[in-house]
Amino acid sequence: MTHVLDPDAPAAAIPPRREPPAPYRDVTRSDAAFRAFLHGLPGVDQVGAESRVAVLGTRSIKTTAKAWALDTAISMVDLTTLEGADTPGKVRSLAAKARRPDPSDPTTPQVAAVCVYGDLAGVAREALTGTGIHVAAVATAFPSGRASRAVKLADVRDAVANGADEIDMVIDRGAFLAGRYLDVYDEIVAVKEACARPGGDPAHLKVILETGELVTLDNVRRASWLAMLAGGDFIKTSTGKVSPAATLPVCLVMLQAVRDFRAATGRQVGVKPAGGIRTTKDAIKHLVLVNEVAGPDWLSPDRFRFGASSLLNDLLLQRQKLRTGHYSGPDHVSVD
């Protein structure tokens, strides 16, 4: 593993604060201005949000529409392993499954990415070279985010140097909940800069909000806007290590945020629900939500992902059922 944290290196100069896109250039000029902006966002009606997702969750998706939904959902999966016992062999096995999710059916689409710890990004990169499948790595002291900024940035640079072309960072929830919004903003900006790759495009940055610790949907909306203003390419619900993780009301609020952000700035930001999405029914409910709230422009792996491990197997079993007319047992898919 490459390591880039040099304790003897001189402290870097603090760069000027990155300005958000127009028309929000002035909102980060001070803590007070940023707080006024974030707390001035429209409040979220929690009962209304829960009611809307409940109604959308009753949509019946069948036949050709279901076949499309299954393939689309598979193509949006970030196939994930984030355990302390992960090995290079497990990552290679996961990469093989990402390339050919169903070896019995070559028409099955590939997944979008394989998501691993940064020290294993090189293993994933080697196994996925030439496939078009992305290598995502978690960073910034995942999952707690409790480390100095120097350590967090070194974590990001290590992952990028090891082959990650997507970085899933965690925000400092303690700073956010304490109202230190500019600290959180500046850290995301610094991480975005650390995603640079010599001679190539920067790694895409997914900003994990850990919505289960943000307590309210109002906070989810504020954190979503903060992350987008700081330059995040995706906003992501959760690490998968905290409950509750991805819920439909949370996803609704995040989809509203990216929709409104594009309308205001022209920049399209993706959404990644992660944690607790295990069944085809769950995935299809999310796709309906995406279409109805943000619109069809988000129905692509470039703009919507599922952070999951067990979800893929259920999607494959449902796809086999649609193709053959009968359900296969769990031994017809690999156990990750």
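Our subject is the structure listed above.
Here we summarise the structure given alongside this text. (Residues numbered from 1 in each chain as written. Predicted model: local features only at pLDDT ≥ 70, side-chain atom pairs only at ≥ 80, totals over all residues. Heavy atoms only, no water.)

### Describing the pairing of strand E5 (residues 204-208)
Piece 1. With 4 of 5 residues buried, E5 is to be regarded as a mostly interior element.
Piece 2. Inspection of the sheet shows strand E4 (residues 166-170) paired to E5 by 5 bridges, in the parallel sense. Each residue of the ladder has a partner; that of Asp-168, found in E5, is Lys-206.
Piece 3. Inspection of the sheet shows E5 paired to strand E6 (residues 234-236) by 3 bridges, in the parallel sense. The partner of Ile-208 across the bridge, within E6, is Lys-236.
Piece 4. After leaving E5, the chain enters helix H9 (residues 217-229) and then returns to the sheet as E6, a path that is right-handed. (Buried < 20%, exposed > 50% of the residue type's maximum accessible area, 1.4 Å probe, protein only. Helix = DSSP H or I, 4+ residues; strand = E, 2+ residues; numbered from the N terminus. Pairing = 2+ DSSP bridges. Right-handed = clockwise from strand over helix to strand, strands pointing away.)

### Focus on the nonpolar core
Piece 1. If you look at the biggest cluster of nonpolar residues, it comprises 99 residues, and the most contacted ones within it are Phe-34, Ile-167 and Ile-188.
Piece 2. Excluding residues that lie within four positions of it along the chain, Ile-188 makes contacts with Met-169, Ile-171, Leu-205, Val-207, Leu-226, Ala-227 and Ala-230.
Piece 3. Counting residues in each nonpolar core, the second largest holds 7 residues, with Leu-82, Ala-136, Val-138 and Phe-142 among its members. (Core = buried A, V, L, I, M, F, W, Y, C linked by side-chain atoms within 4.5 Å. Contact = heavy atoms within 4.5 Å.)

### Some words on the layout of surface pockets
Piece 1. Of the pockets and cavities examined, the second largest pocket occupies roughly 510 Å³.
Piece 2. Along the wall of the second largest pocket there are 24 residues; nearest its centre are Thr-80, Glu-83, Ala-308, Ser-309 and Ser-310.
Piece 3. Those elements that provide at least two residues to the lining of the second largest pocket are helix H4 (88-99) and strand E8 (306-308).
Piece 4. Within the lining of the second largest pocket, the residues separate by chemical class into 8 nonpolar, 10 polar and 6 charged. (1 Å grid on protein atoms, 1.4 Å probe; cavity = no way out; pocket = protein on both sides within 12 Å on 5 of 7 lines; lining within 4 Å. Points joined across faces, edges and corners; volume = space filled by probe spheres on them. Nonpolar A, V, L, I, M, F, W, Y, C, P; charged D, E, K, R; others polar.)

### Description of helix H3 (residues 63-75)
Piece 1. Relative to the 18 Å expected for 13 residues at 1.5 Å per residue, H3 spans 19 Å between its end C-alpha atoms, a close match to the ideal helical length.
Piece 2. Packing partners of the buried residues in H3 comprise strand E1 (77-80), helix H11 (280-294), E8 and helix H12 (311-324). (Expected span 1.5 Å × (residues − 1).)

### Some thoughts on the packing of aromatic side chains
Piece 1. Applying the stated criterion across every chain, the model contains 8 aromatic pairs.
Piece 2. Ring centres of Tyr-24 and Trp-225 lie 5.6 Å apart, and the angle between their planes is 80°; on these two criteria the pair is classed as edge-to-face. A residue pair is termed long-range when its members are at least 10 positions apart, and Tyr-24 in the segment before helix H1 (31-39) and Trp-225 in helix H9 qualify at 201 residues.
Piece 3. The class of Tyr-24 is buried, set by a relative accessible area of 14%.
Piece 4. Between the aromatic rings of Tyr-117 and Phe-142, the centroid separation amounts to 6.0 Å while the plane-to-plane angle is 75°, which identifies the pairing as edge-to-face. Pair noted here: Tyr-117 is in strand E2 (residues 113-117) and Phe-142 is in the loop between strand E3 (134-139) and helix H6 (149-161), with a separation of 25 residues, a long-range link.
Piece 5. We classify Phe-142 as buried; its relative accessible area is 10%. (Phe/Tyr/Trp six-rings, centres within 6.5 Å; stacked < 30°, edge-to-face > 60°.)

### Notes on the pairing of E4
Piece 1. Most of E4 sits out of view: 5 of its 5 residues are buried.
Piece 2. With burial as the criterion, each face of E4 is covered, one bearing Glu-166, Asp-168 and Val-170 and the other bearing Ile-167 and Met-169.
Piece 3. A crossover links E3 with its parallel partner E4, the connecting element being H6, and its sense is right-handed.

### A word on the side chain of Thr-237
Piece 1. Within the secondary structure layout, Thr-237 lies in the loop between E6 and helix H10 (248-265).
Piece 2. By relative accessible area, which is 0% here, Thr-237 ends up buried.
Piece 3. A polar side-chain atom of Thr-237 sits 2.9 Å from the main-chain amide nitrogen of Ala-274. (Polar contact = N/O pair within 3.5 Å; in protein donor to acceptor, adjacent residues only side chain to side chain.)

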